[in-house]
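# A closer look at the structure
Given next are the chains, with one letter for each unit.
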Amino acid sequence: MQRKKTAKSGKAEKNSEPLDGPSVTAVKNVTLADLPTPSQLTVKESTVQMMIIFLVLVALYVVAFCLRLFSVLRYESIIHEFDPHFNFRGTKTLVYDGVDAFYNWFDTLVWYPLGRWVGHTVYPGLMLTSGAIYHTLHFFNFPIDIRNVCVFLAPLFAGNTALVTYIITKDCWDSGAGLIAAAFVAVVPGYISRSVAGSYDNEAIAIFAIINTFMGFVKAVKSGSMMWSAYSALAYCYMVHAWGGYIYIINLLPVYVYGMVLVGRYSHRLYVAYSCFYILGTLFSLLVPFVGFAAVVSNTHMAAPIVFVLLQFHNLMAFMRGHLGDKFGDFFRKLVSFLVAGVLVVFVAGLALGVVDITKTGRFFYMLNPAANTIPIIASISEHQATPWSSFFFDLSFLVLLMPVGMYFCFREWTDGSIFLLTYGVTATYFGCVMTRLILVLAPVTCILAAIGVSRTLTLFMRDSSRGSSDGSERGLAGQAVSKFIAAAVTGMFAFLFMFYVVHCTWITSEAYSSPSIILQATGANGQRVIFDDYREGYFWLQTNTAPDAKIMSWWDYGYQMASMSNRTTIVDNNTWNNTHIATVGRCLASSEEDCYRIMRKLDVDYVLVVFGGFVGYSSDDINKFLWPIRIGGSVYPMIREKDYLDDNGQYRVDGGASKRLLNSMMYKMCYYRFGETQVSHQHPAGFDRVRNVQIGRPDFKLTKIQEAFTTEHWMVRIYKVRKEPNRG
Amino acid sequence: MSSTDATAIFSAFKKSYNDSTSHKLKVCDAFIVFFALNCFILFLYRGLVGSFPFNAYLGGLFSNMGMLIFTVCLRMQAAPANEPQFQGVTHESSFCDYSLCAVLLLFTSVHFMG
């Protein structure tokens, strides 16, 4: 966002200070109270202020929407990646079959032969939102296709996120910081990465829902009104419907309340806000079938009721103290001893009866203790790896440097709102460091805190036009004198930084975050654009050339895309809810052809699909991922050992020195069938793998149990048909 | 010794409470005690008979706990001693918010009981 430089004053100044020295007056400790409040402005000024705010927010809506459209302009309006395809299928079911059918939907086309109860294992918020928008548009006779509604939902909600960020920053600080925060969050790459047009995933609406809930809660704490508590509980209800990250909210708010009580800022407004929010919020979160009763029985949700009980206790004790006066001490001592004994008895009884569960496994405990990364299927997901240093600057640009500035100012102005921002900021930073995916949660609060830092700094230096410059030197908005040169320099520096930020965000969105991953692009030798549409080619071949009840086996990465685009039954998909089933597929791909064939016949598999990048140099293919099927298969079936597939030095290779087991495995055969007689280019011998940069170790072999059905134009998707047993009659 | 202590505490509390609380607030307090008793009865029932339709138990418990909390909040906002903490919240808006929260709570609880 471009900031105006300070205008030079027209009249000649009689400056008593040297031009390039700092102001000789001592720096006054400027607080928020010194700044002009809206009530001190004239009517005309406040109208102008409202107009500016409105225009800026409208402009931010447009910018946030348009910046996310790169892939739609370059390719077409298509659903990207993997998870969005499943969400799209669910939305189609909701829109065409109705809400009841969606909530009770048991999907028999996936996880053959187990199936999946989708209605109770999915967060319905995204589908419900798209369905509502679709039906509203159709009601007003705008016949927009459901695919376009889904593709453009995320950019639409990005503008909403900017709006609620403005509101929450305005409540915690002032509206100038609010506008800057909204501008930052509209374009920050950490948020864009999961909300481009086409990325139809839960995060598209979840970030808006998080900030919305926090906004409602901060308003509730500031005003003490039950209406805002009810609003924040309803916003929390929307958040629970939207994303599994709601657990962050239901743990952050108790931590914030407890922190407030600890630093001595307990007030009745805090009590009203949190108690009403807890009751209504927990009740609403029970409405989502996927969450079920977890809100009241699960140990990841226990912070909220504990703080709730503590708050009631605190309030009750304050009430009793008011009435008992000096007898309160005796009363309190009796009560505490009684309660402590009671709680201990209940806890020990719960442990003994097995009711209390203190295990420490699973994805959420991994986030609290990242060193305990023992479950292979969680460890294999690329987004769950620890965040590298570079991705902080990549995703947040110079906001990472301004965030501590904002935190410092929040410490200086110690209000309810600033304590909340500090709590949110510190916890979000921790989680942003644990997993790459959680930079998304860090992005909004970084924008807010950076905006506070920027706003507070700029108020010292930006020229306030309403105050006369009586002694000839510039006066900042805070009313203290600064040298004109310093003021202009600082403002100019910030203007440059903001322009750099926008350029950075646009470039990153264009280069890094706008790829649909289902269509790939490369530059040919003559500079021409080469499009690799092999994925869709393979999936549509399946749709048009296989029987409607054919079952397709592949590694779980492609399950959602296959189910959505080829409309066939899949064996495993990205939901990864059943580790044993995935391990069976992993074992199958890692075994020899005969063993694999036995497992495939048991699973009724008709076709097998693999992704192979060695012909064109596409490096995220199945051979590069092959160690994961081996590890996951080996975690359940002990006959699959990872070291059998590595060579004598422990290296993973596919050339002549590779292990015999690897060269005999089904994955190797399916990827490299007939590749040994293919020359990828004139410089290389036949059978040269462009990704691994070696000649493959076993160029000639025949397939006995499967036959090749289809290979796409650039050999990226290869489909094999499983032969039936010969008729023994 | 402790029983006289307890009696002394209780009578001191009773005297202070009767002197300082207006009639309006005592009505609120009676309501609060009613909800607390309901919660206790539900809890006792769950201990004795079990919680089989768990969503019914939760629906009953939450509606009682919720109304308890909302009445406590209403009382807080109505008590004259708390005026300085609740700037901008009039008695009328306080009661309006109370009704809104009660409607949301009871509608959802009845829906949830199934």
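Please refer to the structure higher up on the page.
Now for a description of the structure that goes with this document. Since the structure is predicted, the reported quantities are computational estimates derived from the model, not experimental observations.

Take the interface of chain A and chain B next. The interface of chain A with chain B comprises 36 residues on the first partner and 40 residues on the second. Between chain A and chain B, roughly 3200 Å² of surface is buried when both sides are summed, and carbon and sulfur atoms account for 81% of that area. For the chain A face of the interface with chain B, the top three residues by lost area are A:Met226, A:Leu283 and A:His323, together amounting to 21%. Scanning the region where chain A abuts chain B turns up 0 salt bridges. The tally of links from chain A across to chain B stands at 5 residue pairs in polar contact (both at pLDDT 80 or more).

We now examine the packing of aromatic side chains. Counting across every chain of the model gives 55 aromatic pairs over all chains. Taking 6.3 Å as the distance between ring centres and 75° as the angle between the ring planes, the aromatic pair formed by A:Phe319 and B:Phe13 counts as edge-to-face. A residue pair is termed interchain when its members come from two chains, as with A:Phe319 in helix H15 (residues 303-324) and B:Phe13 in helix H1 (residues 2-20). Overall, the relative accessible area of 18% leaves B:Phe13 in the buried class. Between the NZ or CZ atom of A:Arg631 and the centre of the ring of A:Trp628, over which it lies, the distance is 4.7 Å.

Once that is clear, we can look at the packing of helix H2 (residues 23-49) of chain B against helix H3 (residues 54-78) of chain B. Residues and elements named next belong to chain B. Interaxial distance between H2 and H3 falls to 9 Å at its minimum, and their mutual angle equals 160°. Relative to H3, the element H2 lies roughly antiparallel. Here H2 and H3 pass one another in a crossing that is left-handed. Seen from H2, the contacting residues are Leu25, Cys28, Asp29, Phe31, Ile32, Phe35, Ala36, Asn38, Cys39, Leu42, Phe43 and Arg46; seen from H3, they are Phe54, Tyr57, Gly60, Leu61, Asn64, Met65, Met67, Leu68, Thr71, Val72, Arg75 and Ala78.

All right, on to the pattern of salt bridges then. Pairing between side chains becomes possible if they bear opposite charge and their charged atoms approach one another. Residues and elements named next belong to chain A. Applying the stated rule across the entire model yields 26 salt bridges over all chains. The residue arginine 89 makes a salt bridge to aspartate 107 at a minimum N-O spacing of 3.1 Å. In this pair, arginine 89 sits in helix H3 (residues 83-97) while aspartate 107 sits in strand S1 (residues 106-107), placing the two residues 18 residues apart along the sequence. Judged by its relative accessible area of 10%, arginine 89 falls in the buried class. Salt-bridge contacts for lysine 219 lead to aspartate 171; the nearest nitrogen and oxygen are separated by 3.0 Å. Placement of the pair is lysine 219 in helix H10 (residues 203-223) and aspartate 171 in helix H7 (residues 153-172), with a sequence separation of 48 residues. Overall, aspartate 171 belongs to the buried group, its relative accessible area being 12%. Shared partners join several salt bridges into a network, and the residues in it are Arg194, Asp201, Glu203 and Arg437.

A separate point is the pairing of strand S9 (residues 607-611) of chain A. Residues and elements named next belong to chain A. Counting buried residues along S9, 5 of its 5 residues qualify, which places the element largely inside the surrounding structure. Bridge analysis of strand S7 (residues 551-553) against S9 gives 2 bridges, and the strand direction is parallel. Residue pairing for S9: isoleucine 552 is matched across the bridge by tyrosine 607. As judged from the 5 bridges shared by S9 and strand S13 (residues 717-722), these two strands associate in the antiparallel manner.

Cut-offs applied
- Residues numbered from 1 in each chain as written.
- Chains lettered and ligands numbered in written order.
- Predicted model: local features only at pLDDT ≥ 70, side-chain atom pairs only at ≥ 80, totals over all residues.
- Heavy atoms only, no water.
- Contact = heavy atoms within 4.5 Å.
- Buried area = accessible area lost by both parts, 1.4 Å probe.
- Salt bridge = Lys/Arg side-chain N within 4 Å of Asp/Glu carboxyl O.
- Polar contact = N/O pair within 3.5 Å; in protein donor to acceptor, adjacent residues only side chain to side chain.
- Phe/Tyr/Trp six-rings, centres within 6.5 Å; stacked < 30°, edge-to-face > 60°.
- Helix = DSSP H or I, 4+ residues; strand = E, 2+ residues; numbered from the N terminus.
- Buried < 20%, exposed > 50% of the residue type's maximum accessible area, 1.4 Å probe, protein only.
- Lys NZ or Arg CZ within 6 Å of the ring centre and 35° of its normal.
- Axes fitted to C-alpha atoms, helices over the stretch in contact; angles between N-to-C directions.
- Parallel < 35°, antiparallel > 145°, perpendicular 65-115°, else oblique.
- Left-handed = near helix turned anticlockwise from the far one by under 90°.
- Pairing = 2+ DSSP bridges.

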